[in-house]
Amino acid sequence: MNDEQYMKVAIEQAREAEAIGEVPIGAVVVHNDEIISKAYNLRERDQRSIAHAELLAIDEACKKLGTWRLEEATLYVTLEPCPMCAGAIVLSRVKRVVYGATDPKGGCAGTLMNLLQEERFNHQAEVVSGVLEEECGAMLTNFFRTLRLNKKKQRS
């Protein structure tokens, strides 16, 4: 499989999040050309600020591999990682991060800053941005548009 194919799996995860009312963000960890974990946002359902798709996927990958070091893994995520997730990516030594849509409000893989390639850290990840960007971005835009419309209707 290639980056686009793995991103499509992450998009499927994002759609699962959307189906339960979560922000549609999905993540997939690939190791040795095999998907070892998949996850989607669960912040609302679990009422946990750290239940981001990336963190859940990284945690599951570490459990499956029996190590906290993901030095040969690639993380695919539909939205550019936030500061918290970027920190987890660096600390778990993910080799490569591939993301879809940029995040102008919280992106830390090149938009607001690039924590993933900060040379002062003891690890840097390769970053590939914009994979299926339009599809990933449209999913988020539509989700928030619908959310705003529903809130407006409730106020009326």
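Residues numbered from 1 in each chain as written. Predicted model: local features only at pLDDT ≥ 70, side-chain atom pairs only at ≥ 80, totals over all residues. Heavy atoms only, no water.

A.B. asks: Help me out: how do you make sense of unusual backbone geometry in this one?
C.D. replies: Leaving glycine aside, a negative phi is the common case for residues, and trans is the common case for peptide bonds. The backbone phi angle of asparagine 32 is positive, close to 55 degrees, even though this residue is not glycine. Under the relative-accessibility criterion, asparagine 32 is labelled exposed at 61%. One non-glycine residue, leucine 132, lies in the positive phi region at around 55 degrees. Relative to the elements of secondary structure, leucine 132 occurs in the loop between strand S5 (126–128) and helix H5 (133–155). (Buried < 20%, exposed > 50% of the residue type's maximum accessible area, 1.4 Å probe, protein only. Helix = DSSP H or I, 4+ residues; strand = E, 2+ residues; numbered from the N terminus.)

A.B. asks: Is there a simple way to explain the UniProt feature "binding site: Zn(2+)" (unreviewed entry) in the protein chain in this structure?
C.D. replies: Under the local residue numbering, the UniProt record ascribes the feature "binding site: Zn(2+)" (unreviewed entry) to His52, Cys82 and Cys85. In three dimensions, the annotated residues from a span of 34 residues occupy one location, with a maximal C-alpha spread of 9.4 Å. Here histidine 52 lies in the loop between helix H2 (43–46) and helix H3 (53–65). Take histidine 52: its relative accessible area is 12%, and that puts it in the buried class. Aside from chain neighbours lying at most four places away, what touches histidine 52 is Asn41, Arg43, Cys82, Met84 and Cys85. Contact partners of cysteine 82, with chain neighbours within four places excluded, come to His52, Glu54, Gly106 and Cys108. (UniProt positions renumbered as here; feature names shortened; annotations may be inferred. Contact = heavy atoms within 4.5 Å.)

A.B. asks: Is there a simple way to explain the UniProt feature "active site" (unreviewed entry) in the protein chain in this structure?
C.D. replies: The UniProt entry lists Glu54 under the feature "active site" (unreviewed entry), expressed in the numbering used here. Here glutamate 54 is to be found in helix H3. Sequence-distant contacts of glutamate 54, defined by excluding residues within four places in its chain, comprise Ala27, Leu75, Val77, Leu79, Pro81, Cys82 and Cys85.

A.B. asks: Can you walk me through the packing of aromatic side chains in this structure?
C.D. replies: Each aromatic ring pair is summarised here by two numbers: the centre-to-centre distance and the angle between the ring planes. The tally for this structure, following the rule as stated, stands at two aromatic pairs. Judged by centre distance (5.1 Å) and plane angle (35 degrees), the rings of tyrosine 6 and tyrosine 76 are tilted. One end of the pair, tyrosine 6, is in helix H1 (residues 3–19); the other, tyrosine 76, is in strand S3 (residues 73–79), and 70 residues separate them in sequence. Both residues of the pair, tyrosine 6 and tyrosine 76, belong to the buried class. Ring centres 5.2 Å apart and planes at 80 degrees place the aromatic pair phenylalanine 143 and phenylalanine 144 in the edge-to-face group. Residue phenylalanine 144 is classed as partly exposed on the basis of its relative accessible area of 33%. (Phe/Tyr/Trp six-rings, centres within 6.5 Å; stacked < 30°, edge-to-face > 60°.)

A.B. asks: Before we go on, may I ask you to explain the environment of alanine 10 in this structure?
C.D. replies: Tracing the backbone shows alanine 10 in helix H1. Between the alpha carbons of alanine 10 and tyrosine 76 there is a distance of 6.5 Å; along the sequence they are 66 residues apart. Beyond its immediate sequence surroundings of up to four residues, alanine 10 is in contact with Gly26, Ala27, Val28, Tyr76 and Thr78.

A.B. asks: Explain the sheet that holds strand S4 (residues 96–101) to me, please; I cannot follow it from the model alone.
C.D. replies: The pairing of strands in a sheet comes from backbone hydrogen bonds and takes either a parallel or an antiparallel form. Within the open sheet, the five strands sit side by side as S2-S1-S3-S4-S5. Their pairing is mixed. The two strands at the open ends of the sheet, each matched to only one other strand, are strand S2 (34–40) and S5. Strand after strand, the sheet turns through a mean of 15 degrees between neighbouring axes, direction not considered. Relative to S5, S4 is paired through three bridges, and the arrangement is parallel. The partner of arginine 96 across the bridge, within S5, is glutamate 126. (Pairing = 2+ DSSP bridges. Axes fitted to C-alpha atoms, helices over the stretch in contact; angles between N-to-C directions.)

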